[in-house]
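# Structural overview
Okay, here's what each chain looks like letter by letter:
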Amino acid sequence: MEIGPNVFSTLLQEKDARIVIEAVRALRKLYQLEASSRLKHIFCSMQPILKISNDYQRHNNEVDLTAVATTESNDWSLFKGLDKQEQNNSSLWDPTGTTYRKWLSTLVCELIHASENEYLVPLLGVCHYSLSFCEFLLPFVVLMLVMFDQDRVNMKQICKDLNYVFLQTTSNPPPDIRKALLTLLKLVTTMREFEFTPSASRGTVATRKYKYTHWDNLIWLQELQYEAVAHASLMCGSKYSAILYCEIAKERHASLESSNDDPNLDKVLRNIMCTALQQLQEPDGIYAFFDSLNFQQRILLYQHEEEYDKLLVHNDLEYMHTSDKSRVRLGLVQSAYKWGLSSIPQFVCSSVPSSELTPEETEYMYESAWRLCDWENIPTQAQTNSAHKHVFSSLCTLRAESTRSIIEHLGAFSHDSMGRLQNCGLEDVRPIFAELLSFQMMREIEEAADIVSCVDDDCKLYQTFASTMNQWQRRFLRMPNTFDAREQILTLRVNLLEIIIETTQRDNGHSSVCSKIKEEYLEHIIQTFDICREFAKYNYALRLAERLKYRNAQSHVIPEHLWKIEIAKLLWSKKDLHLALTSMKQVYTEYKLAEPARLLGTWTGELGADTPDVVISYFEEAKCLSNQDIKERFECQLALARYTDQQCRLLHEKMASNDYSRNVAINRRRLARINMHQESNMGSARLQRRRSVNDGQLRVLERSLRADKVMFESMACSRMKYLEIALKNYLEALPSTGENYRDIIFCVCSLWFNHTDKDNVQLLIAEHIERVPTYQWLPLIYQLAARLDVSNKTESPKTDKKSFHSVLKKLVQRVTADHPHHVLFVLVALANGDQQNSTVSQITPKMQVAKSILDELETSKENDLSHLVKQVYAVSRGYIQLATLPIDKKFKSNPAHYENSFTLASLTNVEKVAVITKETTVSPTARYFDEDVVRIRKWDSQFDFAGGINLPKIINCLGTDGHSYKQVVKGNDDSRQDAVMQQVFCMVNLWLKRDPECQRRRMNIRTFKVVPLSSTVGVLEWCMNTEPLGHWLVAPKSGAHERYRSKDWPSSRCRHVFQEAASAADKQRLFADICEHFKPVLRRFFTEYFRNPGDWFERRLAYTRSVAASSMAGYIIGLGDRHPNNILIDKTTAEVIHIDLGIAFERGKLLPTPETVPFRLTRDIVDGMGMAGVDGIFRRCCEKCLTVLRNSATPLGTILDVFIHDPLSKWKLTIDKVRELRIDGCTKEGAATEEAESIENEAQKILIKVQQKLSGFHNGQQLSVQGQVSTLIQEAMDVNNLSQLFAGWQPWV
């Protein structure tokens, strides 16, 4: 912090001549004190400013500022401070009873006088006149007072005064008091952030052998009561600061050796945290702090969860037992309004005299009035300057076609809104968003007025209306996805369009534009219904439906079937299922429309209210009725496909069940018995008598067998019928799908891959696959390529050209030709097999097929594609050569020795190949222009080494966009599993993005690109701005543990102690001892890198959500080996990134020291989440993520299924295993086959385990999502589990 040239340049350009005069005097005085080059520059450059300012009149007299600049005022007594006794009085810091300007000017001047600093005293005159300069200078002056105060007298007094002011803060302080408190809070924040160099006068910091930390800066604020700071922050609307200071207060209290748990302090902090998080509308944090037995906190919780029916009950209870009736009445009005009961606020407020109405109640009355189109019943005495009053007045004016008066309303609104914005703090974002929304509403009223003004000119009317609708649509897409904002805008637009329709019908009723306006009106109504159902705001939707019913009776603008269909949808959403079904049947019978038929099929199928044949007939009828509507036809196809897919899966599960297998076995025994009886020869009379007795029993058995056979055949036929219908409709729907339907391709592949032996399925796929856009197959290209084979074991000779492998090969060829940058390296890796340098141990059929596809592309007539394939081969060989480059031990620390000694350093003519670690955006049209693809220009001439046994190489690749892309080239390590894990994470991110709850939380898993080039070589994207978590925490000397807790044991000692354990009991005892001497410090990461309270809160939130998402995804796929150096943390976003994903699918439990936890949730990981720990944000984010994963079980299973079919997968029969089974030069085929089946079965067991996790089955128990998450958290944090882990896992970190 310094008072530099920019500060004085700003002062010299002030409009107030008094400030300029004092700034000049201060500069002259400072120039005399220190002949600084910067000050000389300022003093010389101020001449033109002084000449301009000479024209400024002060008290109607000319003032020669140039003359003032060369004279010195000796009358500093004007700015002398009070005596020492008055300086120590807290009233100096107390802003009550005076104006903000006077308080701040007096405070800063007195502090400057107390500092007796010769560089600050000349600034007294400027402080006397310039408020902004006082705000800037206050932290600087306070720091000057405390930095050189060895006895800390000033520090203690200042903290005492600040404590007094903060503790006196009440809710909703007056504007001047609020400004003063915000200034003092900014002072605390600045002092907390200020860096200093330790000296001998500053206690233990200077004697520490390691570097000081930013936390030591709080030495200036040791006497400050942070709970008071948090309270004042909350009262001023600074919620982020309130949360930060609550955390600091909790930690400071816990760090005091003499402190015990203070229930009062804990209650205060929890109340502040609960209120701040609720006001920030953070969806999860409040659950860690609210007290369910506290009446007021229950009200907060119901507000937070938007359960306004429960809130109404609590408001009613509170109204009976409180003296503050107006406050509780406002709560009743708010609750009723938010619940969608717009007429209740008017009814309640109308019973109160206008003079007694609060501004908030009046605002609700105006909003209810314009929403209900009630233009008459607003009391004229109700006083408010709210935005909704201006909206109401503007709409009234628009109805009267007085468009000129709208300008006046806009001006009044802008004036009032700017006044409200000036009182908003930087951390108080909700009022800012509300004002921005109000500006948008007024802007759209103005645009509607422009449309109404063109009603006499059809051409101009059409152009203006079309342009306005386009603007409205673009604006709506950019809006935040919250119900309050979107519903309010849509309701306003519906009202505006109604007014426009009324005007155009009255003045130009038969205009062709009227039909276009009515279409837009209907679109906005349907959009409003959709958003009400999406956010479960059924009362809003019901009110709109009744309004449409009334309007249809008045003007017949609304088709009658529309509101009837919407009411039925509403009833279904509200779980009035049978009533909804009955209503939809009535609509379908009366109107015979496609949408009612489709919904009838969907609802009947979900309820099981009719047979599958009847349900399918509804869908088929809907398809016939939707011939002219492409969108509705797509919905019908998708609904029919999903229903029949579900029926097919149910029959498959039935036929694979133990009961079915048992019935089949019984029937086989019965059939054998019948055959034996029929084959028996005629024997003695005794045998004939016995046979006659058994004939009756056998006839019963035969009838039973025939019935069972018919049933089994019927099930098989039905299953095949459903399979064909599902595949056919999925494939027909695929060309029309968008971003929100990307799971359809997974459903198709799942059905296709599971029925490769069915000729009719292959014929169906071959018939429709050409019409499916190739870009839709890209998410599954690795799975498609892994199934390439030349084997024809399951194909019929008659359909060889349309066999599974033929169709698949042709599909992969098409996708590769259309999207070569995404597919070529996948095929190259498959063709390379286990290649190292130029040798391949064995050529497999899959490698042959991949090679043949590449050869066909290389010899194709398209020159660009042919050249690209050749260059991809060259790049692949270059990376493989670098990965396998032999490294001499003596040069492991000197990679410069290998400069220009590898192929990539000199590789040229590869300008068509994209940078392989740069994600290329997929083009649905399969057209890739030069600006769409970042291609390779060259590589650096030398590389560096990354840590590890195999010495991965780090190299920079320069792209055609001018950026350098850092890459990690790994050898002797199979990176294909890492690639598939990244694919899983990318798909999880897609599912999280599509889920409204997860999208609201911005949940995602950080990924990086992995490109395998063979079974032992791969190229990985370098994660920029990241650091291994273990390095930041426990690196020798520089680690956070040694910097922040220097008296704790170092991690190396903890590891040495832990390794001494000889038994499980010893491990538990030693681990407990380690935890006593090694405390977590990860929370310091956030205060160290993110000093601003808002940044601190958002980054810690991102960290917690990132840990939750990656923990749940890691648990599902059985990800192990999560030691702290396998987790990176981003120093700009605080998100975690998991690397080295080779130990997956529960293989960590098979290690010599089995892993006993589902994911890493050690004390340091939890410490980063703050005082809430695993409760609140982490727990609920885990629940949301696990819910999404459960709902995505089918596509997730399709992705993971690749490990069974990958030709070089660890589950496959290895070549070495085959060689072990050779005896005397001959392979024991039976033993090899048995071994292969065993490995296949093991892979199937892994996939079954994944499916069990996704169904909630854990340790032999069926659990809900909440129960499963709680169990996993307990296991991950269980000391008994952590103490049994391998020492290298570092469970104490």
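Heads up: the structure comes first, above all this text.
Notes on the structure follow. (Residues numbered from 1 in each chain as written. Predicted model: local features only at pLDDT ≥ 70, side-chain atom pairs only at ≥ 80, totals over all residues. Heavy atoms only, no water.)

### Re the overall build of the chain
The number of helices and strands found in the chain is 58 helices and 15 strands. Classification of the 1293 residues of the chain by burial places 52% in the buried group. Partitioning the intrachain contacts of the chain with sequence separation of at least 6 by distance along the chain shows that 69% fall at a separation of at least 24. Summed over all atoms, the accessible surface of the chain reaches about 61200 Å², with 50% contributed by carbon and sulfur. (Helix = DSSP H or I, 4+ residues; strand = E, 2+ residues; numbered from the N terminus. Buried < 20%, exposed > 50% of the residue type's maximum accessible area, 1.4 Å probe, protein only. Contact = heavy atoms within 4.5 Å. Areas by Shrake-Rupley, 256 points an atom, 1.4 Å probe, with all protein chains shown as cover.)

### A closer look at the sheet that holds strand β11 (residues 1136-1138)
Hydrogen bonds between backbone atoms are what pair the strands of a sheet, whose relative direction is either parallel or antiparallel. Strand order in the open sheet formed by three strands is β9-β10-β11, with antiparallel pairing between adjacent strands. Each edge of the open sheet carries a strand with a single partner, namely β9 (1026-1028) and β11. When strand polarity is set aside, the average angle formed by the axes of neighbouring strands in this sheet is 30 degrees. As paired elements, β9 and strand β10 (residues 1127-1130) share three bridges and run antiparallel to each other. Residue pairing across strands places P1028 opposite L1128, the latter belonging to β10. Most of the contacts of helix α50 (residues 1093-1116) go to β11, to which it runs at about 25 degrees, and overall it touches β10 and β11. (Pairing = 2+ DSSP bridges. Axes fitted to C-alpha atoms, helices over the stretch in contact; angles between N-to-C directions.)

### A word on the pattern of salt bridges
Using the criterion set out here, one finds 55 salt bridges in the structure. Between D743 and R994 there is a salt bridge whose closest N-O contact spans 3.9 Å. Of the two residues, D743 is situated in the loop between α34 (685-733) and α35 (744-753) and R994 in helix α43 (residues 976-994); the sequence distance between them amounts to 251 residues. For D743, a relative accessible area of 16% corresponds to the buried category. (Salt bridge = Lys/Arg side-chain N within 4 Å of Asp/Glu carboxyl O.)

### A look at the packing of α35 against helix α53 (residues 1193-1200)
Pairs of packed helices are described in terms of their axes, by the angle between the two and the distance that separates them. Put simply, α35 and α53 touch, their axes get as near as 9 Å, and they point 60 degrees apart. Between α35 and α53, the angle is such that the two are oblique. Where α35 crosses over α53, the two elements pack in a sense that is left-handed. Between α35 and α53, the contacting residues are F746, C749 and S750 on the first element and T1194, P1195, T1198 and I1199 on the second. A class-by-class count of the residues in the contact of α35 with α53 yields four nonpolar, three polar and no charged. (Parallel < 35°, antiparallel > 145°, perpendicular 65-115°, else oblique. Left-handed = near helix turned anticlockwise from the far one by under 90°. Nonpolar A, V, L, I, M, F, W, Y, C, P; charged D, E, K, R; others polar.)

### Some remarks on the packing of aromatic side chains
Across all of its chains, the model carries 32 aromatic pairs by this definition. Each ring, one from W752 and one from F753, has its centre 5.8 Å from the other, and the planes form 35 degrees; the classification is tilted. Across the pair, F753 and W752 agree in class, each one buried. Pairing Y879 with W939 gives two aromatic rings, centres 5.9 Å apart and planes at 85 degrees, and the pair type is edge-to-face. Linking Y879 in helix α41 (residues 863-883) with W939 in strand β3 (residues 936-939), this pair joins segments that are 60 residues apart in sequence. A connected cluster of aromatic rings, assembled from ring pairs, spans W1032, F1085, F1086, Y1089, F1090 and Y1103. Lying across the ring of Y287, R1180 places its NZ or CZ 4.0 Å from the centre. For the cation-ring pair, K1253 lies above Y1115, with the distance from its terminal atom to the ring centre recorded as 4.8 Å. (Phe/Tyr/Trp six-rings, centres within 6.5 Å; stacked < 30°, edge-to-face > 60°. Lys NZ or Arg CZ within 6 Å of the ring centre and 35° of its normal.)

### Some thoughts on the nonpolar core
Counting 270 residues, the largest nonpolar core has W93, W752 and W777 as the members making the most contacts within it. With 80 residues, the next largest nonpolar core counts L461, V513, C532 and A597 among its residues. (Core = buried A, V, L, I, M, F, W, Y, C linked by side-chain atoms within 4.5 Å.)

### Details of the pairing of strand β6 (residues 964-971)
Counting buried positions along β6 gives six out of eight residues, so the element sits mostly inside the fold. By the bridge criterion, six bridges tie strand β5 (residues 953-959) to β6 in an arrangement that is antiparallel. What sits directly across from C957, in β6, is Y965. Adjacent in sequence and paired antiparallel, β5 and β6 are bridged by four residues, among which G962 carries a positive phi angle near 90 degrees. Sheet topology note: the β6/strand β8 (residues 1017-1021) ladder contains five bridges and is antiparallel. Note that in β8 the partner of V969 across the bridge is V1019.

### A closer look at unusual backbone geometry
Positive phi values are uncommon outside glycine, yet Q281 reaches one of about 60 degrees. Within the secondary structure layout, Q281 lies in the loop between α15 (263-279) and α16 (295-305). Taking the relative accessible area as the measure of exposure, Q281 reaches 44% and is therefore partly exposed. In this structure, N1259 takes a positive phi of about 50 degrees despite not being glycine. Turning to its location among the elements, N1259 is positioned in the loop between β14 (1257-1258) and β15 (1261-1262).

### Describing the pairing of β8
Strand residues, when the strand is regular, have side chains that alternate between the two faces of the sheet. Of all five residues making up β8, four are buried, and the element is well covered by its neighbours. Between strand β7 (residues 1010-1012) and β8, which pair antiparallel and follow one another directly, the connecting turn spans four residues.

### Some remarks on the packing of helix α19 (residues 343-350) against helix α20 (residues 359-371)
Where α19 contacts α20, the two axes come as close as 8 Å, and the packing angle between them is 135 degrees. Accordingly, the angle class assigned to the pair α19 and α20 is oblique. The interaxial crossing formed by α19 with α20 has left-handed handedness. Each of P345, Q346 and C349 in α19 lies in contact with α20, whose residues at this interface are E361, Y364, M365, S368 and A369. Its residues assigned to classes, the contact of α19 with α20 comprises five nonpolar, two polar and one charged.

### Regarding a nonpolar patch on the surface
Residues V313, L317 and M320 make up a contiguous nonpolar surface patch of roughly 270 Å² in combined accessible area. Within the secondary structure, L317 sits in helix α17 (residues 308-320). Owing to a relative accessible area of 37%, L317 belongs among the partly exposed residues under this scheme. (Patch = residues over 30% accessible without salt bridge, like charges linked within 9 Å, V, L, I, M, F, W, Y side chains within 5 Å.)

### What to know about the side chain of N495
By secondary structure assignment, the location of N495 is in helix α25 (residues 483-508). Sequence-distant contacts of N495, defined by excluding residues within four places in its chain, comprise W370, R371, C373 and R547.

### Quick word on the environment of E502
Of note, E502 is situated in helix α25. Here the alpha-carbon distance between E502 and R399, two residues 103 residues apart in the chain, equals 8.9 Å.

### Focus: the environment of S1063
With respect to the secondary-structure elements, S1063 resides in the loop between α47 (1051-1059) and α48 (1064-1076). On the basis of relative accessible area, S1063 is assigned to the partly exposed category, the value being 33%.

### Re the environment of P1291
With respect to the element layout, P1291 can be found in the segment after α58 (1279-1282). When its relative accessible area of 1% is taken as the criterion, P1291 is described as buried.

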